[in-house]
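# Breakdown of the fold
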There are 4 protein chains.
Amino acid sequence: MNIFPKKLSDGYFSFLSGRFFNEQKKYKNLATSGQNPEIMVIGCCDSRVSPEVIFDTSPGEIFVVRNVANLVPPFENEHSTSYHGTSAAIEFAVNGLNVKHIVILGHASCGGIKSFIENQYPLSQMDFIGKWMSQITPVAEQLNIKVGNYKHEDIKKLEFGVVQHSMNNLLSFPSVRTRVNEGKLHIHGAYFLISTGTLFIKYGKNFIPLVNN
Amino acid sequence: MNIFPKKLSDGYFSFLSGRFFNEQKKYKNLATSGQNPEIMVIGCCDSRVSPEVIFDTSPGEIFVVRNVANLVPPFENEHSTSYHGTSAAIEFAVNGLNVKHIVILGHASCGGIKSFIENQYPLSQMDFIGKWMSQITPVAEQLNIKVGNYKHEDIKKLEFGVVQHSMNNLLSFPSVRTRVNEGKLHIHGAYFLISTGTLFIKYGKNFIPLVNN
Amino acid sequence: MNIFPKKLSDGYFSFLSGRFFNEQKKYKNLATSGQNPEIMVIGCCDSRVSPEVIFDTSPGEIFVVRNVANLVPPFENEHSTSYHGTSAAIEFAVNGLNVKHIVILGHASCGGIKSFIENQYPLSQMDFIGKWMSQITPVAEQLNIKVGNYKHEDIKKLEFGVVQHSMNNLLSFPSVRTRVNEGKLHIHGAYFLISTGTLFIKYGKNFIPLVNN
Amino acid sequence: MNIFPKKLSDGYFSFLSGRFFNEQKKYKNLATSGQNPEIMVIGCCDSRVSPEVIFDTSPGEIFVVRNVANLVPPFENEHSTSYHGTSAAIEFAVNGLNVKHIVILGHASCGGIKSFIENQYPLSQMDFIGKWMSQITPVAEQLNIKVGNYKHEDIKKLEFGVVQHSMNNLLSFPSVRTRVNEGKLHIHGAYFLISTGTLFIKYGKNFIPLVNN
């Protein structure tokens, strides 16, 4: 029998007597009424990039998918026999919850992208992760990035490119495309620079820092 | 051009001048040294169940996968041609980051599980989510839960069962099983009751509430 | 000549025609083969906290020591000239019976602990009980509980603390410590809340309620 | 982290949904009012001889001390520096709870007495138990029983003798003797024959079977 990690149980007690105590009405109401978030965030699993922390959100506000490198696979017409967690979550958010916004949240120093660009991914024991990251091969090719022989600035370029790639793939989902065309759903790109705390947002073809002034 | 959701930009500025300002050294260090989390959390996309909030964690502490209903698909020996986001993230966490703990974090009033148990999932536009949730058919069968004709208490039973199912499937990954057997990796189950803020943890065959005293 | 208490003789006849009648084979076998319990319980004399009742055990299953306040005195290297009933029972259980588990069973509204915390113990006729309860002076001190001037919540705190104290003292017995280190013996803490029937078990540094679900 | 023994948690759930459910009012009242038992039982730790089972008692009815071989040490005028659990419990029951009866409950095939009579007790690791059982040396001497060279019938003789010995030692406690002389407290001896379920009670100088007719 494993004891629950102390860091988590201590943190939970801190949450319970702090934030939960202050927001208990909101939690109670959300439990009764169900969730009704207007925003979906598709982010990375990275431990430094929590969407709820970066956007300082309250419970009930953002529906969050997190996978390695914040990737959206392309819609596939013929359904394979496999499970598609991210695609399922997109459908659930769009058709089930009627979210109005989907934000792809990338970030700097992404371990998944680093493994890919360094060509370290096809490790013998790491089949799923290799397969998963191979999704971005066309992104690297389009950006003329040479896997295993890359320049330092290529990393950021590829990280930006992956956000754009996921935004594009979102539109390959018929239900997403329809709603975007109807003006009911909006797709956004963002990128968090961990070292400085800067948030870049996709603006036209560029990423620009969000500044408060 | 869509403007970035005001809720998120406002929240980001609040984060930047608040938490980030206070923890900027930690963020800077984490950007330089890379992440080194000891804990992976596999949770649900639900907007009310943020692992970072519930466990009051600091940046760098937990590596987080989130999909609908906190599911871990079984390891498949023959790799299909599809992408497996959750399986990839598990491999990345275990083989790449050497996490010591994996926590499956379930929760009450899970929309994915409700859709499944009410047999509302095969909506025409919702193919991925129907397929995704079909993973838990054996869980419902084992618990003698009749989809579409269920009793109220079946919901919680199924939600608990799904946490156990994901814990079991984790062990179907050879790299996970090996490390668990060596005592290097520990698997935990947890369940968040939104209405009361109670966190249940898997203890033997039961879920018991974590109490601070 | 005192007649045997009617409550006990009536109860005995009820046992004889009821439970004993149904389990007579088990009793016969246990008489022939001797006892072979895997579990030792160290509980309080309190009339409301019978281990056999609370754990609904069968004959032969638990070896039970009961003293005031479920205390385990520390192992003493130099043997005094006095008799140590609890220490003797621990040795008998561990070395003689090879029990695999020792459970310290505390409980709410413990009279011994109440007398201690109210500082009523040094009654002129009550020398042994005063001396016996003085064992928990260091527990109260460590918890910053002021004997004779305590707060209501201190009672439960001290009752929990006494269970932990007994668990710690068990490890001061070399034979216990050796077996625990070898993984052959496991020490547990529990606490019975009489009013609600809730059983708390020691989990890490906390006591959490055992729930069946 | 050890998981709580399944036998005990399963038994507890059985108690909770069974006996506790039926008697919850009694437990609630007993928690509020405190215990007020009229009977104290001093029994053996043996797993086959639970006083609550043999006397089919309800919560609150019997205050129970259990040590190896149901021994009452003699009152000692000069208090040693050691802890006397059984003597403390006697004081607590007599002075604190004003019990009206004290029953010494012996039993057949007592492991402590067997070890003593076979002279196997001074095992190197078993100092406390050796010291504890040495209390009955004068009992064996008085009965002309040769430790290490005994006859089969000596075992029962010694077990009976030990019950008488404990009854005698009870009277060495001034508070017990005073109350017995005043007719406020009554001392009883009993002996449980595990194989047949027969309960013998001390009657004059003999033990006679309690029979319902």
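Predicted, not measured: the structure shown is a model, and the values here were computed from it.

About the thresholds
Residues numbered from 1 in each chain as written. Chains lettered and ligands numbered in written order. Predicted model: local features only at pLDDT ≥ 70, side-chain atom pairs only at ≥ 80, totals over all residues. Heavy atoms only, no water. Helix = DSSP H or I, 4+ residues; strand = E, 2+ residues; numbered from the N terminus. Rg over C-alpha atoms; globule rule 2.2 N^0.38 Å. Buried < 20%, exposed > 50% of the residue type's maximum accessible area, 1.4 Å probe, protein only. Contact = heavy atoms within 4.5 Å. Lys, Arg positive; Asp, Glu negative; His and termini not counted. Charge placed at Lys NZ, Arg CZ, Asp CG, Glu CD. UniProt positions renumbered as here; feature names shortened; annotations may be inferred. Buried area = accessible area lost by both parts, 1.4 Å probe. Salt bridge = Lys/Arg side-chain N within 4 Å of Asp/Glu carboxyl O. Nonpolar A, V, L, I, M, F, W, Y, C, P; charged D, E, K, R; others polar. Least-squares fit on C-alpha atoms with pLDDT ≥ 70 in both. Polar contact = N/O pair within 3.5 Å; in protein donor to acceptor, adjacent residues only side chain to side chain. Phe/Tyr/Trp six-rings, centres within 6.5 Å; stacked < 30°, edge-to-face > 60°. Axes fitted to C-alpha atoms, helices over the stretch in contact; angles between N-to-C directions. Parallel < 35°, antiparallel > 145°, perpendicular 65-115°, else oblique. Left-handed = near helix turned anticlockwise from the far one by under 90°. Domains from an automatic or database assignment.

With that out of the way, let us pick up the overall build of chain A. Scanning chain A for helices and strands turns up 9 helices and 6 strands. Since a compact globule built from 213 residues should have a radius of gyration of about 17 Å, the 19 Å found for chain A is in line with a globular shape. For the C-alpha atoms alone, the extent of chain A along its principal axes is close to 55 × 50 × 45 Å. Within the span of chain A, comprising 213 residues, buried residues form 57% of the whole. Sequence-distant contacts in chain A: of pairs separated by 6 or more residues, those separated by 24 or more amount to 68%. Counting 20 positive and 17 negative side-chain charges, chain A places the centres of these two groups 4 Å from one another.

On to the UniProt feature "binding site: Zn(2+)" (unreviewed entry) in chain A. All names here are of chain A. This chain's UniProt record puts "binding site: Zn(2+)" (unreviewed entry) on Cys44, Asp46, His107 and Cys110. Spatially, the listed residues are clustered: although they cover 67 residues, their C-alpha atoms lie within 8.8 Å of one another. Sequence-distant contacts of cysteine 44, defined by excluding residues within four places in its chain, comprise Val49, Arg66, Asn67, Val68, Ala69, Asn70, Leu105, His107 and Cys110. Considering the arrangement of structural elements, one finds cysteine 110 in the loop between β3 (101–107) and α5 (111–117). Apart from the residues lying within four places of it in its own chain, the contact partners of cysteine 110 are Cys44, Ala69 and Glu159.

What follows covers the interface of chain B and chain A. Many descriptions give the size of an interface as the accessible area lost when the pieces come together. Contacts between the two partners involve 97 residues from chain B and, on the opposite side, 99 residues from chain A. For the pair chain B and chain A, the summed buried surface comes to about 8,600 Å²; carbon and sulfur atoms form 67% of the total. Our count for the contact surface shared by chain B and chain A stands at 4 salt bridges. Between Lys7(B) and Glu61(A) there is a salt bridge, with the nearest N and O atoms lying 3.8 Å from each other. Considering every element that reaches the side of chain B that touches chain A, the biggest residue donor is helix α1 (residues 6–22) of chain B, with 11 residues. A per-class count over the side of chain B that touches chain A returns 47 nonpolar, 36 polar and 14 charged.

Looking now at the relation of the copies chain B and chain A. Expressed as a screw transformation, the operator carrying chain B onto chain A has a rotation angle of 180° and an axial translation of 0.0 Å, and the superposed copies differ by an RMSD of 0.1 Å. Between the two chains, the operation in question is that of a two-fold axis. Among all residues of chain B, the minimum C-alpha distance to the rotation axis is found for Arg66(B), at 2.4 Å. An overlap of 100% is found between the interface residues of chain B and their copies at the interface of chain A, pointing to a shared contact surface.

A separate point is the environment of Tyr150(A). Residue and element names in this part refer to chain A. Inspection of the secondary structure assignment puts tyrosine 150 in the loop between α7 (137–142) and α8 (152–170). Taking the C-alpha atoms as reference, tyrosine 150 lies 26 Å from serine 47; in sequence the two are 103 residues apart. Excluding anything up to four places from it in sequence, tyrosine 150 contacts Ile117, Glu118, Ile145 and Ile155. Polar contacts involving the side chain of tyrosine 150 include one to the side chain of glutamate 118, which spans 3.3 Å.

Think of a pair of aromatic rings as described by two things: how far the centres are apart, and how the planes are tilted against each other in angle. The final tally for this structure, using the stated rule, is 69 aromatic pairs over all chains. With a centroid separation of 5.9 Å and an interplanar angle of 20°, the aromatic rings of Phe63(A) and Phe92(A) are classed as stacked. Note that Phe63(A) is positioned in strand β2 (residues 62–67) and Phe92(A) in helix α4 (residues 85–96), a separation of 29 residues in sequence. For Phe63(A), a relative accessible area of 1% puts it in the buried group. Relative to Phe13(D), the ring of Tyr12(D) has its centre 5.6 Å away and its plane inclined at 50°; by these criteria the two rings are tilted. The exposure classification of Tyr12(D) matches that of Phe13(D), with both residues buried. An aromatic cluster of three or more residues is present, and its members are Tyr12(A), Phe13(A), Phe15(A), Phe20(A), Tyr27(A) and Phe192(B).

It is worth spelling out the packing of helix α4 (residues 85–96) of chain B against helix α9 (residues 174–181) of chain B at this point. Residues and elements named next belong to chain B. Orientation of α4 relative to α9, taken along the N-to-C sense of each, is 40°, at an axis distance of 10 Å. It follows that α4 is oblique to α9 by the angle criterion. The interaxial crossing formed by α4 with α9 has left-handed handedness. Side by side, α4 and α9 meet where Ile90, Val94 and Asn95 of the first sit next to Ser175, Val176 and Arg179 of the second. Here the residues of the contact of α4 with α9 sort into 3 nonpolar, 2 polar and 1 charged.

The next thing to look at is the pattern of salt bridges. The full count for this structure, using the stated rule, is 40 salt bridges over all chains. The partner of Arg19(C) in a salt bridge is Glu23(C), and the shortest N-O contact between them spans 2.6 Å. With a relative accessible area of 29%, Arg19(C) lands in the partly exposed category. Its relative accessible area of 15% is what places Glu23(C) among the buried residues. Measuring nitrogen to oxygen at the nearest pair gives 3.1 Å for the salt bridge that ties Glu182(D) to Lys184(D). Residue class for Lys184(D) comes out exposed when judged on its relative accessible area of 52%. Linked through salt bridges whose partners overlap, the residues forming this network are Arg19(A), Glu23(A) and Lys26(A).

This part covers the environment of Ser17(C). With respect to the secondary-structure elements, Ser17(C) resides in helix α1 (residues 6–17). Through-space distance from the C-alpha of Ser17(C) to that of Val147(C) is 49 Å; in sequence the pair is 130 residues apart.

All names here are of chain A. Taken domain by domain, chain A holds domain 1 (1–34) and domain 2 (37–209). Placing the centre of domain 1 and that of domain 2 at their C-alpha centroids yields a distance of 28 Å. The interface is formed by 5 residues belonging to domain 1 together with 4 residues belonging to domain 2. When the buried area of domain 1 at its contact with domain 2 is split by residue, Arg19, Lys26 and Leu30 rank highest and sum to 76% of it. Counting every contact that joins domain 1 to domain 2 gives 0 salt bridges. There are 2 residue pairs in polar contact (both at pLDDT 80 or more) connecting domain 1 and domain 2. Here the side of domain 1 that touches domain 2 gets 3 residues from one element, more than from any other, and that element is helix α2 (residues 24–33). Residues that form the side of domain 1 that touches domain 2 fall into these classes: 2 nonpolar, no polar and 3 charged.

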